[in-house]
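Fold and contact review
Here's the letter readout for the chains.
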Amino acid sequence: MSHTLGPEHRPHQQVAWDNQKRFNILVWHRRAGKTVYSIKWLLKHVLSCELDNPRGAYLAPQYKQAKNVAWQYLKDYSREIPGATFNESELRADYPGGAQIRLLGAAEPDALRGIYLDATVCDEMAQFAPRAWTEVINPALSDRHGKALMIGTVFGMANQFYEFYRDADAKAHWYSQLLTVNDTDAVDAEELERLKLDMSEAEFSQEMLCDWNAAVKGSYYGAQMTAAVNDGRITAVPHDPDLQCITSWDLGMADSTVIVVWQKLGSGELRAIDCLEFQNTGLADIVHELSDRPYLYSDHILPHDAKVRELGTGKSRVEVLRSLGINPTIAKMAHVQDGINATRGLLPRVWFDKDKCFKLVEALKTYRSTWNDENQVFNKTPAHTWESHYADAVRYFALMEHSTGNQWSEPLQYNEAGIR
Ligand SMILES: Nc1ncnc2c1ncn2[C@@H]1O[C@H](COP(=O)(O)OP(=O)(O)OP(=O)(O)O)[C@@H](O)[C@H]1O
Ligand SMILES: [Mg+2]
């Protein structure tokens, strides 16, 4: 189709359009025209689909985002099509001949279960929970060999958006493209200067230069993690068998439990040597997994609420752990903000194993507060995302370190080399 609905493509959009394959992953800077391109792409593929009753879906991270931005574009660009109708309450457009496009939030992808898709857009995909693609969108594409457009700005490396981009070159039927603000003419030079002044360096790197390593906007530990990268503290950090290990836990009730394994040197240097994540796993299996590793544990730090007796069993998780042979230390109760401050103080001393703690590092880079759209400020509370479990496990450790002047643990043994 040479003619497309909506405005003419900008030059960089035209490149992506001309080179597209079945799966497309486009990493574009802010304001590059991602949402406009998404809607044009979706309309083209749904309306030119030769199968019966074509189905298309556009997903934004939240339903509200789909509604606020993309819905208007969809209606505007569909205007040329006689007989198109729009269902405002369901964010659904119907076209003569049976084609249909729906707008959804990726936070509730289950609305797509049971339907097939001929074309789907994942806009700002880095902020989708992985299961949206894996469990819902991808299977819906398979019946009729549907196409996908995954588009967005960068948001750290611990997400499918990064992984798909990284692996796209090696896969048939995938097209990838990364465009920084220097690769397009979407933002003029004067405006760019203004943005540079208004944004922090990390923000500008992330939003405009598509830097996967940049700390994300609103992140609590962005500056500390950037320093860790720059200092070379994210590297191979092997387990030292001459040092004991301390674990710190974030115990999930229904969801994930994260355990960070630390080693501590007399100099105050801290090493995050391993990190375990469990989903819906009982304490017995967790303890089993820990004892399978070649670590000699001196302490296990648990959050304060581990002392609470559960209604079902009448036992607290501390009691259950004791019955399994683990005698945990309970982190002192403190406001989240105090824990965040303690963590900020701790991170400059931490070395991270780049492989075993990859997800931990990424989580600490992207752990953030929620953005309040109405007041245009960050909320005081952290966003409850997968990152928060990792960050909480570190926070409990930091609180113990902070409250006890680093002396809370059994004296540790040091290796021959002693204090490094
Ligand atoms: N091909 C085009 N022709 C004319 N205007 C366009 C085109 N593509 C995008 N725009 C305009 O550029 C602006 C940004 O577009 P859009 O919202 O699609 O960008 P985005 O990359 O999704 O932005 P954000 O990063 O804020 O989500 C809008 O004003 C839009 O109307
Ligand atoms: Mg957009």
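Once a new chain begins, its residue numbering starts again from 1 and follows that chain's sequence as written. Going through the entries in the order they are written, you letter the chains from A and number the ligands from 1. Side-chain atom pairs in this predicted model are given and counted only at pLDDT of 80 or more, local residue features only at pLDDT of at least 70, and totals for whole chains, interfaces and linings cover all residues. Based on all heavy atoms of the structure, the side-chain values leave hydrogens and waters out of the count.

Regarding the pattern of salt bridges
Salt bridge, as used here: a side-chain nitrogen of Lys or Arg that lies within 4 Å of a carboxyl oxygen of Asp or Glu. Summed over all chains, the structure comprises 27 salt bridges. Taking the shortest distance from any N to any O, the salt bridge between Asp110 and Arg113 comes out at 2.6 Å. For Arg113, a relative accessible area of 44% translates into the label partly exposed. The closest approach of N and O atoms between Arg293 and Asp274, which form a salt bridge, is 2.8 Å. Of the two residues, Arg293 is situated in the loop between helix H9 (283-292) and strand S13 (297-302) and Asp274 in strand S12 (residues 270-279); the sequence distance between them amounts to 19 residues. A 1.4 Å probe rolled over the protein chains alone gives each residue an accessible area, and that area as a share of the maximum for its type sets the label: buried under 20%, exposed over 50%, partly exposed in between. Classification of Asp274 as buried rests on a relative accessible area of 3%. In this structure, a network of salt bridges that share partners links the residues Asp110, Arg113, Arg131 and Glu135. Here a helix means four or more residues in a row that DSSP labels H or I, a strand means two or more in a row labelled E, and each is numbered from the N terminus.

Thoughts on the site of ligand 1
When at least one non-hydrogen atom of a residue lies within 4 Å of a molecule or strand, that residue is treated as near it. What surrounds ligand 1 is a group of 13 residues, the closest being Glu8, Arg30, Arg31, Lys34 and Val36. Polar contacts, as used here, are pairs of N or O atoms within 3.5 Å; protein pairs need one atom able to donate a hydrogen and one able to accept it. Residues neighboring in sequence count only if both atoms are side-chain atoms. Separating a nitrogen atom of ligand 1 from a side-chain N or O atom of Gln13 is a distance of 2.8 Å. When isolated, ligand 1 has an accessible area of 630 Å², and the protein chains bury 77% of it. By residue number, the principal contributor to the shell around ligand 1 is helix H2 (residues 34-47), which donates 3 residues. Residues are grouped as follows: Ala, Val, Leu, Ile, Met, Phe, Trp, Tyr, Cys and Pro are nonpolar; Asp, Glu, Lys and Arg are charged; all remaining types, including Gly, are polar. A breakdown of the residues in the shell around ligand 1 according to their chemical character gives 4 nonpolar, 3 polar and 6 charged. Methods summary: accessible areas were calculated by the Shrake-Rupley approach with a probe of 1.4 Å, and residue burial reflects only the protein chains presented.

A look at the pairing of strand S11 (residues 256-264)
On a regular strand, each side chain points to the face opposite its neighbour's, so the side chains alternate between the two faces of the sheet. The buried count for S11 comes to 9 of 9 residues, which makes it a mostly enclosed element. Residue alternation in S11 divides its side chains into two sets, Ser256, Val258, Val260, Trp262 and Lys264 and Thr257, Ile259, Val261 and Gln263, and both sets are buried. Examined bridge by bridge, S11 and S12 share 9 bridges and lie antiparallel to one another. Opposite Ser256, over in S12, you have Gln279 as the bridge partner. If DSSP finds at least two bridges between two strands, the strands pair. Where S11 folds back onto S12 in an antiparallel hairpin, the turn is made up of 5 residues, including Gly268, whose phi is positive at roughly 100 degrees.

Quick notes on the packing of aromatic side chains
Side-chain rings of Phe, Tyr and Trp, where Trp is taken by its six-membered ring, are said to pair if the distance between their centres is within 6.5 Å; with planes under 30 degrees apart they count as stacked, over 60 as edge-to-face, and otherwise as tilted. If you walk through the whole model with that rule in mind, you get 17 aromatic pairs. With centroids separated by 4.0 Å and ring planes inclined at 5 degrees, the aromatic side chains of Trp262 and Phe397 adopt a geometry described as stacked. Taken as a pair, Trp262 in strand S11 and Phe397 in helix H13 (residues 386-403) lie far apart in primary sequence, 135 residues in all. Pair check on accessibility: Trp262 and Phe397 agree, each one buried. When the NZ atom of lysine or the CZ atom of arginine is within 6 Å of a ring's centre and also within 35 degrees of its normal, the charge is said to sit over that ring. Directly above the ring of Trp174 sits Lys171, whose terminal nitrogen or CZ lies 4.0 Å from the centroid. When the ring centre of Trp386 is taken as reference, the NZ or CZ atom of Lys359 above it lies at 5.0 Å.

Some words on the packing of helix H1 (residues 11-19) against H2
A fitted line through C-alpha atoms represents every axis, and for helices the fit uses only the stretch in contact; the resulting angles, taken between N-to-C directions, go from 0 to 180 degrees. Interhelical geometry of H1 versus H2 gives an angle of 35 degrees and a closest axis separation of 12 Å. Pair H1 / H2 crosses with right-handed handedness. Residue-level contacts link Gln13, Ala16 and Trp17 of H1 to Tyr37, Lys40, Trp41 and Lys44 of H2. Of the residues in the contact of H1 with H2, the class split is 4 nonpolar, 1 polar and 2 charged. Should the near helix be turned counterclockwise from the far one by less than a right angle, the crossing is left-handed, whereas a clockwise turn marks it as right-handed. In what follows, a contact means two residues having at least one pair of non-hydrogen atoms within 4.5 Å.

A word on the confidence of the model for the protein chain
Mean pLDDT over the protein chain: 89, with 93% of residues reaching 70 or higher. pLDDT: the predictor's confidence for each residue, scored from 0 to 100. In the model, residues 406-420 has pLDDT below 50 throughout and makes 36 contacts with residues more than four positions away in sequence or in other chains.

Quick look at the sheet that holds strand S2 (residues 55-60)
One open sheet accounts for 8 strands, arranged S3-S4-S5-S2-S6-S7-S1-S8; its pairing is mixed. Here the strands that pair on one side only, and so sit at the sheet edges, are strand S3 (85-87) and strand S8 (174-179). Across the sheet, the mean angle from the axis of one strand to that of its neighbour is 10 degrees, orientation sign disregarded. As paired strands, S2 and strand S6 (residues 119-123) are joined by 4 bridges and run parallel to one another. Following the sheet pairing, Leu59 is matched in S6 by Cys122. Sitting on the sheet, H2 is in contact with strand S1 (23-28), S2, strand S5 (100-105), S6 and strand S7 (147-152), with an inclination near 170 degrees to S6. Against the sheet, helix H3 (residues 63-78) engages S2, S3, strand S4 (92-94) and S5, with an angle of about 160 degrees to S5.

Notes on the nonpolar core
By size, the foremost hydrophobic cluster in this structure holds 34 residues, and its most contacted members are Tyr37, Tyr58, Leu74, Tyr95 and Leu103. By residue number, the principal contributor to this core is H2, which donates 7 residues. Contact partners of Tyr95, with chain neighbours within four places excluded, come to Leu43, Leu47, Leu74, Ser78, Ile81, Ala84, Phe86, Gln100 and Ile101. Throughout, nonpolar core names a set of buried Ala, Val, Leu, Ile, Met, Phe, Trp, Tyr and Cys residues whose side chains join them through atoms within 4.5 Å.

Let's talk about the sheet that holds strand S10 (residues 245-250)
Taken in spatial order, the 7 strands make up an open sheet running S9-S15-S12-S11-S10-S13-S14, and their pairing is mixed. Each having just a single partner strand, strand S9 (234-235) and strand S14 (329-330) make up the two edges of the open sheet. Strands in contact with helix H12 (residues 358-366) are S9, S11, S12 and strand S15 (350-353); relative to S15, the strand with the most contacts, it is inclined by about 130 degrees.

Things to note about the state of the cysteines
Criterion for a disulfide: a pair of cysteine sulfur atoms at a distance within 2.5 Å. Evaluated as defined, the whole model comprises 0 disulfides. No disulfide involves Cys49; its nearest neighbouring cysteine sulfur is the one of Cys122, lying 18 Å away.

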